[in-house]
Amino acid sequence: MPIQSIDTRRVYQQIADQLLQLIEAGEFPVDSRLPSERDLAEKFKVSRPSVREALIALEVIGVVQIKMGSGVYVCKPEQGKQKGRKNKETALKDFAPFELIQARLLIESEIAAQAATCRTDQDVEELESLLQKMIDHSSDNRNPLDPDRDFHVTLARATGNQVFASIVEQMFDARMGILFSRLSNYFDTQSTWEQAIKEHRAIVRAIKARDAEKARQAMRHHMERAYKRFSASWLKSGQTITSN
C-alpha cells in the first residue's frame, strides 16, 4: 500500500494513519512487536526516516511503545486514550524531524560560508564562548541544547543579515517540537554530544580563519552526521543525557 503523493498531509502523518488503521483492524495485536523499519518502508514504499517519524508520532499519542534494544510494540488502547487529543493534534502539526535536518543542512551551510566572510572578532569570541558552554554542559551530564541553539543563532547573526538569524531561530523552535524532542530522547547521549561538539569546533576554526568553503563543508558535515545519529538502530541502547 504505497503512500500517495497527492495527499496533502506530511508523509509521516499518512504512514502513522495507515499503521493506526492496521493496528485497529487487529493486524498488529496489543503487545506485539511491529515489523522492522526496513520492512515497513518497503510495505508503504517510503523512506525509513519517514517510517521512524511515523512511529515517533504514534508513540507520542500512546499507540506504540519504543523499547530501545528490543523494538516497537503495540500498546493497550487505554494507554492511547490517556495521552489525549492534545498530544495527537500537536504531533501532527510538527515538522518532520528528518526534513528539518535536511533544511538546516542546505540553509545553515550557506550561512556558515557567509559568516566566515562577514564575521567580526566579537562574533568569534561569542562562538568560542558558546562552544565552551556546550563542553561544560556535556561534562556535567547536562543537555547542551540551549548553548547549541545560541551558537547557531549567533553564527547566523554574524552574516549581518537578520533574516538569516530569524530563520535559524524558527528552525530551532521546530527542533524543540514534540516529535524532534521525543526522537532526541532516544539518541542524544553524552557520546553523541561529544561528537557534535567536535563538529562545532571545526565550524569555529573555519569561521575564525575566514575560510568560507571550509565553513560550508564543516556545517554540512555536522548536519549530515546529525542525520545519521538520529537514524541509528532502535536495537542500540544508550545512556541519555539529562535535560537542564
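The structure we're discussing is the one just above.
As the structure is a prediction and not an experimental result, all values here were calculated from the model. (Residues numbered from 1 in each chain as written. Predicted model: local features only at pLDDT ≥ 70, side-chain atom pairs only at ≥ 80, totals over all residues. Heavy atoms only, no water.)

Observations concerning the pairing of strand 1 (residues 64–67)
Where burial is concerned, the two faces of strand 1 differ: the one with Val-64 and Ile-66 is buried and the one with Gln-65 and Lys-67 is not. Hairpin remark: strand 1 followed by strand 2 (residues 71–74), antiparallel, with three residues in the connecting loop; positive phi at Gly-69, about 85°. (Buried < 20%, exposed > 50% of the residue type's maximum accessible area, 1.4 Å probe, protein only. Helix = DSSP H or I, 4+ residues; strand = E, 2+ residues; numbered from the N terminus. Pairing = 2+ DSSP bridges.)

Observations regarding the packing of helix 3 (residues 48–60) against helix 9 (residues 178–187)
Viewed as axis vectors pointing N to C, helix 3 and helix 9 meet at an angle of 100°, and their least axial separation amounts to 10 Å. One way to sum up the angle between helix 3 and helix 9 is to call them roughly perpendicular. Seen from helix 3, the contacting residues are Arg-52, Ile-56, Ala-57, Glu-59 and Val-60; seen from helix 9, they are Ile-178, Leu-179, Arg-182, Leu-183, Tyr-186 and Phe-187. Of the residues contributing to the contact of helix 3 with helix 9, the split by class is eight nonpolar, no polar and three charged. (Axes fitted to C-alpha atoms, helices over the stretch in contact; angles between N-to-C directions. Parallel < 35°, antiparallel > 145°, perpendicular 65-115°, else oblique. Contact = heavy atoms within 4.5 Å. Nonpolar A, V, L, I, M, F, W, Y, C, P; charged D, E, K, R; others polar.)

Looking at helix 6 (residues 121–139)
Since the α-helix turns once every 3.6 residues, residues separated by three or four places project in the same direction. The end-to-end C-alpha separation of helix 6 is 27 Å, in line with the 27 Å expected for 19 residues at 1.5 Å each. Asp-123, Val-124, Leu-127, Leu-130, Leu-131, Met-134, His-137 and Ser-138 are the residues of helix 6 that are buried. One face of helix 6 carries all of its buried residues, which in axial projection span an arc of 145°. Pointing more than 90 degrees away from the buried face of helix 6 are the exposed residues Asp-121, Gln-122, Glu-125 and Ser-139. Check the buried side of helix 6 and you find it contacts helix 7 (145–157) and helix 10 (190–208). Of the residues trailing helix 6, Asn-141 is marked for its positive phi of about 60°. (Expected span 1.5 Å × (residues − 1). Arc of directions from axis to C-beta.)

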